Amino acid sequence: MLARTKKRPTEGLVPLQLMVHPANVAAITRYAEQLEQAESVPWREVAARRGSVPASILRGARGKAGLTQTRLSELSGIPQRHLSEMERGKRPIGRETAKKLATGLQLDYRLFL
């Protein structure tokens, strides 16, 4: 049995280092503190906090792949302007568009639906 102390246990915690814009530090810090107090947060809920879920998935997948909107536009055949609108949640991602995005990002198209 663990002894109760005033200090939070650190066993099992992983150090995390982020590079963020200075204007976002306070919001990210508050969010991290909320996460530590919660048991878990469904990923769709987290994504929804940044706008639409498909938009967040697209933004994250493109970032993870290390692609610019211009390069994804070339790979998918979708105009860069439309990609920008999709990432901002201003343009819906339909089935055919999702398939084109999936081809460019090498992912399953159902992620975007």
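First things first, this report covers the structure right here in the doc. (Residues numbered from 1 in each chain as written. Predicted model: local features only at pLDDT ≥ 70, side-chain atom pairs only at ≥ 80, totals over all residues. Heavy atoms only, no water.)

Things to note about helix H6 (residues 95–105)
Turn by turn, an α-helix covers 3.6 residues, leaving residues three or four places apart pointing in a common direction.
Then comes step 1: Those residues of H6 lying buried are Ala98, Leu101, Ala102, Gly104 and Leu105. Along the long axis of H6, the arc covered by the buried residues comes to 160°, so they all point the same way. Residues of H6 that are exposed and angled more than 90 degrees away from the buried face: Glu96 and Thr103.
Then comes step 2: Buried residues belonging to H6 abut helix H3 (53–65), helix H4 (69–76) and helix H5 (80–87).
Then comes step 3: Just downstream of H6 lies Gln106, where phi reads positive at about 55°. (Buried < 20%, exposed > 50% of the residue type's maximum accessible area, 1.4 Å probe, protein only. Helix = DSSP H or I, 4+ residues; strand = E, 2+ residues; numbered from the N terminus. Arc of directions from axis to C-beta. Contact = heavy atoms within 4.5 Å.)

Brief notes about the pattern of salt bridges
Then comes step 1: In the structure shown here, the tally under the stated rule is four salt bridges.
Then comes step 2: Glu85 is the salt-bridge partner of Arg91, the closest N and O atoms lying 2.8 Å from each other.
Then comes step 3: According to the relative accessible area criterion, Arg91 is partly exposed, its value standing at 31%.
Then comes step 4: Between Asp108 and Arg110 there is a salt bridge whose closest N-O contact spans 2.5 Å.
Then comes step 5: Using a relative accessible area of 55% as the deciding quantity, one classes Arg110 as exposed. (Salt bridge = Lys/Arg side-chain N within 4 Å of Asp/Glu carboxyl O.)

Comments concerning the packing of aromatic side chains
Then comes step 1: Per the counting criterion, the structure on display carries zero aromatic pairs.
Then comes step 2: Looking at Lys99, its charged tip hangs above the ring of Tyr109, at a distance of 5.2 Å from the centre. (Phe/Tyr/Trp six-rings, centres within 6.5 Å; stacked < 30°, edge-to-face > 60°. Lys NZ or Arg CZ within 6 Å of the ring centre and 35° of its normal.)

Some thoughts on a nonpolar patch on the surface
Then comes step 1: A cluster of nonpolar side chains, namely Leu16, Leu18, Val20, Val25 and Ile28, defines an oily patch on the protein surface of about 440 Å² accessible area.
Then comes step 2: For Ile28, a relative accessible area of 31% gives the class partly exposed. (Patch = residues over 30% accessible without salt bridge, like charges linked within 9 Å, V, L, I, M, F, W, Y side chains within 5 Å. Areas by Shrake-Rupley, 256 points an atom, 1.4 Å probe, with all protein chains shown as cover.)

Structural notes on the side chain of Glu87
Then comes step 1: Locating Glu87 in the fold gives a position in helix H5.
Then comes step 2: You can call Glu87 buried: its relative accessible area is 5%.
Then comes step 3: A polar contact of 3.0 Å, which involves the side chain of Glu87, links it to the side chain of Gln69.
Then comes step 4: Apart from the residues lying within four places of it in its own chain, the contact partners of Glu87 are Ala55, Leu58, Arg59, Arg62 and Gln69. (Polar contact = N/O pair within 3.5 Å; in protein donor to acceptor, adjacent residues only side chain to side chain.)

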